[in-house]
Amino acid sequence: MTFALSVSIVLFHTPRRQIFALLESLAVACARARAESPLGEIGITLVDNTDGKAAPGEFSSADMAEAGRLFRLENCELKLQHGHGNVGYGAAHNLAIGESAAEYHLLLNPDVELAADALAAGLAYLNGDSGAALVSPLVIPEPNRGGGRQYLCKRYPSLLVLLLRGFAPAFLSKPFAGKLAAYEMRDLPLDKPSAGIPIASGCCMLCRGGALRQAGGFDEGYFLYFEDFDLSLRLGRLGQLVHLPAMRIRHGGGNAAAKGWRHIAMFCRSGRRFFSQHGWRWL
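The numbering scheme is per chain: residues are counted from 1 as the chain's sequence reads. Totals for whole chains, interfaces and linings use every residue, but because this is a predicted model, local features are given only for residues with pLDDT of at least 70 and side-chain atom pairs only at 80 or more, for both listing and counting. Side-chain descriptors were evaluated using all non-hydrogen atoms of the structure, hydrogens and water having been removed beforehand.

Visitor: Now, about the overall build of the protein chain: what can you tell me, with residues and values included?
Guide: The helix and strand inventory of the protein chain stands at 10 helices and 11 strands. For 283 residues, the compact-globule formula gives about 19 Å, and the C-alpha radius of gyration of the protein chain, at 18 Å, lands near that figure. Projected onto the principal axes, the alpha-carbon positions of the protein chain cover approximately 55 × 45 × 40 Å. Nonlocal contacts in the protein chain, meaning residues at least 24 apart in sequence, comprise 82% of its contacts between residues at least 6 apart. Here the protein chain displays about 13,200 Å² of accessible surface, and carbon together with sulfur accounts for 53% of that area. One way to put it: in the protein chain the 29 positive side-chain charges average out to a point 7 Å from where the 25 negative ones average out. Numbering of helices and strands runs from the N terminus, with a helix taken as a DSSP run of H or I at least four residues long and a strand as a DSSP run of E at least two residues long. Atoms considered for the radius of gyration are the C-alpha atoms alone. The globule rule reads 2.2 Å times the number of residues to the power 0.38. The contact criterion used is simple: two residues touch if any of their non-hydrogen atoms lie within 4.5 Å. In short, Shrake-Rupley with a 1.4 Å probe defines the accessible areas, and a residue's cover is counted only from the protein chains shown. Charge convention: Lys and Arg are scored as positive, Asp and Glu as negative, and His as well as the terminal groups of each chain are ignored. Where a charge lies is defined by one atom per residue type, namely NZ (Lys), CZ (Arg), CG (Asp) and CD (Glu).

Structure follows, in structure tokens:
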């Protein structure tokens with residue numbers, strides 16, 4: 001018996017080269033998953049929050065024909081949703097989630113690239129563990145690109161930890177290295193799945209579709225930042241969140257402080273909403 005997969009990717013002034021790198025990796029991963037599992041219908045939605053025309057070098061509707069040629073599988077559709085303006089990250093994903101009845105849904109950032117076997121590994125795990133609501137991947141470190149290891153799974157944050165991670169210089173963070181490592185779950189094994197994860201990063205979430213829809217998708221009160229924390233906690237009430245090292249990705253990443261005051265303000269506003277909803281933890 002086959003199952004369906006839906007995928008949503010939110011764009012906002014996304015460089016053309018970046019989204020094509022993701023789509024090329026996704027096409028390969030879909031083909032591999034189709035070969036190794038009863039994966040049937042695949043629906044991929046690009047949700048473009050760009051308000052107005054794309055600048056030179058950014059992905060636009062004119063690129064859809066070329067992008068569509070990457071997906072040569074039967075029962076595989078790539079479509080673009082646009083014209084709704086910048087509604088926020090979670091609300092944009094919800095536009096695609098609301099149209100899907102698929103058994104599984106993959107939430108992606110445009111700065112992600114999937115390993116060839118990533119999707120096959122994630123779907124195999126969800127098919128074999130009926131208690132899992134979500135699997136979170138392992139980020140492949142790329143030292144030659146100046147990137148260290150990223151930790152996508154988190155314990156419940158304290159305000160101190162978030163301030164240290166986001167804004168403190170290295171010399172101030174050093175005395176709290178143990179606290180930061182615990183928050184980032186650096187103790188997770190890299191050779192086997194780990195269930196019971198409290199929070200998973202929204203850059204790549206492979207979810208059981210029914211659980212995602214039952215949770216109501218993202219809380220649209222978050223415009224940007226912390227919407228994945230909130231969704232993780234709500235999904236965790238419906239099933240296990242699992243760190244799956246066999247599901248590997250590359251991820252560009254980035255932090256709010258490096259993006260200017262507007263992003264810092266959004267980070268603080270969303271952080272206040274998150275702690276007000278789920279409980280403040282100061283230290």
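Visitor: Account for the pairing of strand E4 (residues 104-108), with residues named and values stated.
Guide: The buried label applies to any residue whose accessible area, calculated with a 1.4 Å probe on protein chains only, is under 20% of its type's maximum; exposed applies above 50%, and partly exposed to all values in between. The element E4 is extensively covered by neighbouring structure, given that five of its five residues are classed as buried. Residues Tyr104, Leu106 and Leu108 line one face of E4 and the alternating positions His105 and Leu107 line the opposite face, and both faces are buried. In short, DSSP must find at least two bridges between two strands for them to pair. Bridge count for strand E1 (residues 3-11) against E4 is five bridges, and the pairing is parallel. Bridge pairing in E4 places Val7 opposite Leu106. For E4 and strand E10 (residues 204-208), the ladder comprises five bridges, and the chain directions are antiparallel.

Visitor: Before we move on, can you summarise the packing of aromatic side chains with the specific residues and values?
Guide: Aromatic rings from Phe, Tyr and Trp, taking only the six-membered ring of Trp, are treated as a pair when their centres fall within 6.5 Å; an angle between ring planes under 30 degrees marks them as stacked, one over 60 as edge-to-face, and anything in between as tilted. Scanning all chains against the criterion turns up 14 aromatic pairs. Measuring from ring centre to ring centre gives 5.8 Å for Phe167 and Phe267, while their planes differ by 80°; the resulting arrangement is edge-to-face. Pair noted here: Phe167 is in helix H5 (residues 159-167) and Phe267 is in helix H10 (residues 261-278), with a separation of 100 residues, a long-range link. Judged by relative accessible area, which is 17%, Phe267 ranks as buried. Here the aromatic rings of Phe226 and Phe267 are separated by 5.0 Å at their centres, their planes lie at 50°, and the arrangement is tilted. Here Phe226, found in the loop between helix H8 (209-215) and helix H9 (227-235), pairs with Phe267, found in helix H10; they are 41 residues apart in sequence, far enough to count as distant.

Visitor: Any chance you could break down the nonpolar core for me, citing the residues and the numbers?
Guide: Nonpolar cores were defined as sets of buried Ala, Val, Leu, Ile, Met, Phe, Trp, Tyr and Cys residues, with membership established by side-chain atoms within 4.5 Å. Formed by 48 residues in total, the largest nonpolar core has its most connected members in Ile9, Leu26, Leu46, Leu106, Leu114 and Leu206. It is helix H1 (residues 16-36) that provides the largest number of residues to this core, a total of nine residues. With near-sequence residues (within four places) excluded, Leu206 lies in contact with Leu5, Tyr104, His105, Leu106, Leu119, Gly122, Leu123, Leu126, Ala133, Leu134, Val135 and Met247. Core analysis: the next-biggest nonpolar cluster, separate from the first, contains 23 residues, Tyr89, Ile97, Cys207 and Leu241 among them.

Visitor: I'd like to hear about the environment of Leu231, residue by residue, with values.
Guide: For Leu231, the location among the structural elements is in helix H9. Sequence separation between Leu231 and Pro157 is 74 residues, and the spatial gap between their C-alpha atoms is 15 Å. In this structure Leu231 touches Leu107, Met205, Leu212, Ala215, Gly217 and Phe218, once residues within four positions along its chain are discounted.

Visitor: Kindly report on the packing of H1 against helix H4 (residues 118-128), identifying the contributing residues and their values.
Guide: Here an axis means a line fitted to C-alpha atoms, over the contact stretch when the element is a helix, while the angle between two N-to-C directions is reported on a 0 to 180 degree scale. For the pair H1 and H4, the least separation of the axes is 7 Å and the interaxial angle reads 45°. Our classification of the angle between H1 and H4 gives oblique. Note on packing geometry: the crossing formed by H1 with H4 is right-handed. On the side of H1, the interface is formed by Ala29, Cys30, Arg32, Ala33 and Glu36, while H4 contributes Leu119, Ala120 and Leu123. When its residues are assigned to classes, the contact of H1 with H4 shows six nonpolar, no polar and two charged. An angle counts as roughly parallel when it lies under 35 degrees, as roughly antiparallel when it exceeds 145, as roughly perpendicular when it falls between 65 and 115, and as oblique in every other case. Throughout, a crossing is termed right-handed when the near helix is turned clockwise from the far one, and left-handed when it is turned anticlockwise from it by less than a right angle. Put simply, Ala, Val, Leu, Ile, Met, Phe, Trp, Tyr, Cys and Pro go in the nonpolar bin, Asp, Glu, Lys and Arg in the charged bin, and everything else, Gly too, in the polar bin.

Visitor: Can you tell me about a nonpolar patch on the surface, naming the residues and giving the values?
Guide: A contiguous nonpolar surface patch, about 400 Å² in accessible area, is contributed by Trp280, Trp282 and Leu283. Within the element layout of this structure, Leu283 appears in the segment after H10. Patches here: salt-bridge-free residues with over 30% relative accessible area, like charges joined within 9 Å, nonpolar side chains (Val, Leu, Ile, Met, Phe, Trp, Tyr) joined within 5 Å. We define a salt bridge as a contact between a side-chain nitrogen of Lys or Arg and a carboxyl oxygen of Asp or Glu at a distance within 4 Å.

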